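Residues per chain are reported as follows:
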Amino acid sequence: MVKFENVTKKFGETTTLDSVSFEIEKGEFVFVIGCSGAGKSTLVKLILREYLPTEGTVTVDGIDLLDLRRKEIPDYRKKIGFVFQDFKLLTDMTVFENVAIALRILGEKQEDIDERVETILDLVGLKDRKDFFPSQLSGGELQRTCLARAVVTDPDIVIADEPTGNLDIGIARQIVDIFKKINETGKIVIMATHNFEIVNEVEKRVIELENGKLVSDKKKGKYHIS
Amino acid sequence: MKQHFRTAWKHIRRSPYQSLAAILIMFLTFLIATIFTLVAGGSQIVLRYFESRPQVTAFFKDEATAGQIDTLKAKLIQTGKVEETKFISKEEALQIYREQNKDEPLLLEMVTANILPASLEVSIKNIIDIDQVAGVLKNDTTVEEVVFQEDVVEALYRWTGSIRKIGIGLISVLSLVSFLIILVIIGMKITIRKSEIEILQLIGASNAYIRAPFVLEGIIYGLSGAVLAWGLSYILLLYATPFIIKFLVDIPVLPVPYYFILIVLGIEMLAGFIIGSLGSFIAVRRYLK
């Protein structure tokens, strides 16, 4: 469903991804790990079609992202739920409105929006915080709001770029537990992280990047810090 | 759509001074447009009033016969430049004199029909031909004196032309300024909400979805400016009505028909809609590109 074929991404003379190839099937949970500057965020942004590969092809659900026209990008992105390290919530909207906006973009009816947002806020444990503004929430709550917004549209793929980066380990575990629940519904979850502790606890497929190169792709098991 | 309206309203509330500036410039543009429209319309009525009145009057010598007067009338009609002629006999002239001086018994006693001349009032099709028609009358041997209001009508022509030209020029410049100000203000608002737009793009919002509240905001500015300016102009017109009537006496400029007032409102709202929507649309389009 997500396929990288010899993907290279360069910014000027700097290569951030170097001939990376892998394939992710439906229902997989994949960690993309590596130190800062390894190319994790670039990989994630290539899937989101924020960047285009310099060489190679990125295919998502049979669509070659190079063939995607500018006006087709919004529709493509609606299939993907994205969780950001810095949350990217709209500060003048409540938790409820921040989650609901993803459905409004899809043109859903207000009754459906109310019902689905309530359900998803219940799933991420934020039902009692629905009228709070982002400035009134803790880091964990912000991340759960971002997660709720990513999955409320029922996307095929959920991508997270360092979702636990700003959180303590306890809260990070709660977030990863929600990702696991989402993955159990058959969705692809791709999580870019450098939190090896979490990676070892969850024991899912691990793609490791180092200086833009794919150095290992372990189907399952613990990741051992070398 | 309701959601977009809510967002547009929120944008307006969040930056009230920018919004006020946009509405004020639109208001000023439409205020001047309405005033010039009313003045231009009014001056057109004044001009038509003067045009419809006999522009040349020829007073006959006492010895002029009915036959000679008929010949002169025929000669005038033959020129093809005369709309109509009206003969005023000595007796009719006395009637008019009596009517005009009914409150002055002394003046009435001293005047009889014999001392008042018979006259011919001539209405001209096109005011440009006034000299030629007056010339025909002056050259006729039966005519004692020719009186015509060349200066008044010509001056009015010049004035209405100037008012129209100044109005069109001023409205065009102000419309352009309004358009540019909407463009700049919406552009500033987009810059302030840059990160919000980026987030919306990342979660799959189409350009149309992002654009809608900004375009609605521009439309709100345009319509508010148009309606407020129209309202104030109408109030000013009602306030000035007694003074205008007193000044123009017999000229039927007022009341301005309701349909005319409503047409002005309709046109201004349409113009406000176009300026507001186009300005904001271009501002967002430039950013989204």
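So, here is what we can say about the structure in this document. Note that the structure is a prediction, hence the values are computed from the model and not measured. (Residues numbered from 1 in each chain as written. Chains lettered and ligands numbered in written order. Predicted model: local features only at pLDDT ≥ 70, side-chain atom pairs only at ≥ 80, totals over all residues.)

**Structural notes on the overall build of chain A**
The cut-off we apply is this: Secondary structure elements are defined from DSSP: runs of H or I of at least 4 residues count as helices, runs of E of at least 2 residues count as strands, and each element is numbered from the N terminus. C-alpha atoms define the radius of gyration, and 2.2 Å times the number of residues to the power 0.38 defines the globule rule. Buried residues are those with 20 or more other C-beta atoms within 10 Å of their own C-beta, exposed residues have 12 or fewer, and partly exposed residues lie in between; C-beta atoms are placed from the backbone. Placing a C-beta atom from the backbone of each residue, one calls two residues in contact when those atoms lie within 7 Å.
Looking only at helices and strands, one finds 7 helices and 10 strands in chain A. Its C-alpha atoms give chain A a radius of gyration of 17 Å, within 12% of the compact-globule value 17 Å for 226 residues. With respect to the principal axes defined by its C-alpha atoms, chain A has extents near 45 × 40 × 30 Å. When the 226 residues of chain A are sorted by exposure, 40% land in the buried category. Put simply, of all contacts in chain A between residues at least 6 apart along the chain, 68% involve residues at least 24 apart.

**Comments concerning the interface of chain B and chain A**
Each side of the interface is counted separately: chain B has 9 residues, and chain A has 10 residues. Looking at which element gives the most residues to the side of chain B that touches chain A, the answer is helix H8 (residues 194-202) of chain B, with 3 residues.

**A few points about helix H9 (residues 207-248) of chain B**
Defined as follows: A helix is expected to reach a length of 1.5 Å times the quantity of its residues less one. By definition, a residue's bend is the angle between the axes fitted to the seven residues ending there and the seven starting there.
Across its 42 residues, H9(B) extends 57 Å between first and last C-alpha, which sits within 8% of the 62 Å expected from 1.5 Å per residue. Helix geometry: H9(B) is bent most strongly at Ala240(B), by close to 50°, with proline Pro242(B) lying one to four residues after it.

**Details of the nonpolar core**
This is how it is decided: The term nonpolar core refers to a group of buried residues, namely Ala, Val, Leu, Ile, Met, Phe, Trp, Tyr and Cys, whose C-beta atoms join them within 7 Å.
Of all hydrophobic cores here, the largest spans 71 residues; its most connected members are Val32(A), Val99(A), Ala148(A), Val158(A), Ile159(A) and Ile190(A). At 8 residues, the largest contribution of residues to this core is made by helix H3 (residues 95-106) of chain A. Once residues lying within four places of it in the same chain are set aside, the contact partners of Val158(A) are Gly81(A), Val83(A), Ala150(A), Val151(A), Ile182(A), Lys187(A) and Val189(A). By size, the runner-up hydrophobic cluster in this structure holds 29 residues, among which are Ala8(B), Phe214(B), Leu216(B) and Tyr221(B).

**Comments concerning unusual backbone geometry**
All names here are of chain A. The backbone phi angle of Ser19 is positive, close to 50°, even though this residue is not glycine. Inspection of the secondary structure assignment puts Ser19 in strand E2 (residues 14-24). Accessibility expressed as a C-beta count within 10 Å gives 15 for Ser19, which makes it partly exposed. Located in the positive-phi region is Glu203, a residue other than glycine, with phi close to 55°. Structurally, the position occupied by Glu203 is in the loop between helix H7 (196-202) and strand E9 (205-210).

**Concerning the packing of H9(B) against helix H10 (residues 258-288) of chain B**
All names here are of chain B. Stated formally: Inter-axis angles, ranging from 0 to 180 degrees, are taken between N-to-C directions of lines fitted to C-alpha atoms, where helices are fitted over the stretch in contact. Note on angle classes: values under 35 degrees are labelled roughly parallel, values over 145 roughly antiparallel, values of 65 to 115 roughly perpendicular, and the remainder oblique. By definition, any crossing whose near helix is turned counterclockwise from its far helix by less than a right angle is left-handed, and any crossing with a clockwise turn is right-handed.
Running from N to C, H9 and H10 point in directions that differ by 150°, and their axes come no closer than 7 Å. Between H9 and H10, the angle is such that the two are roughly antiparallel. For the crossing formed where H9 meets H10, the hand is right-handed.

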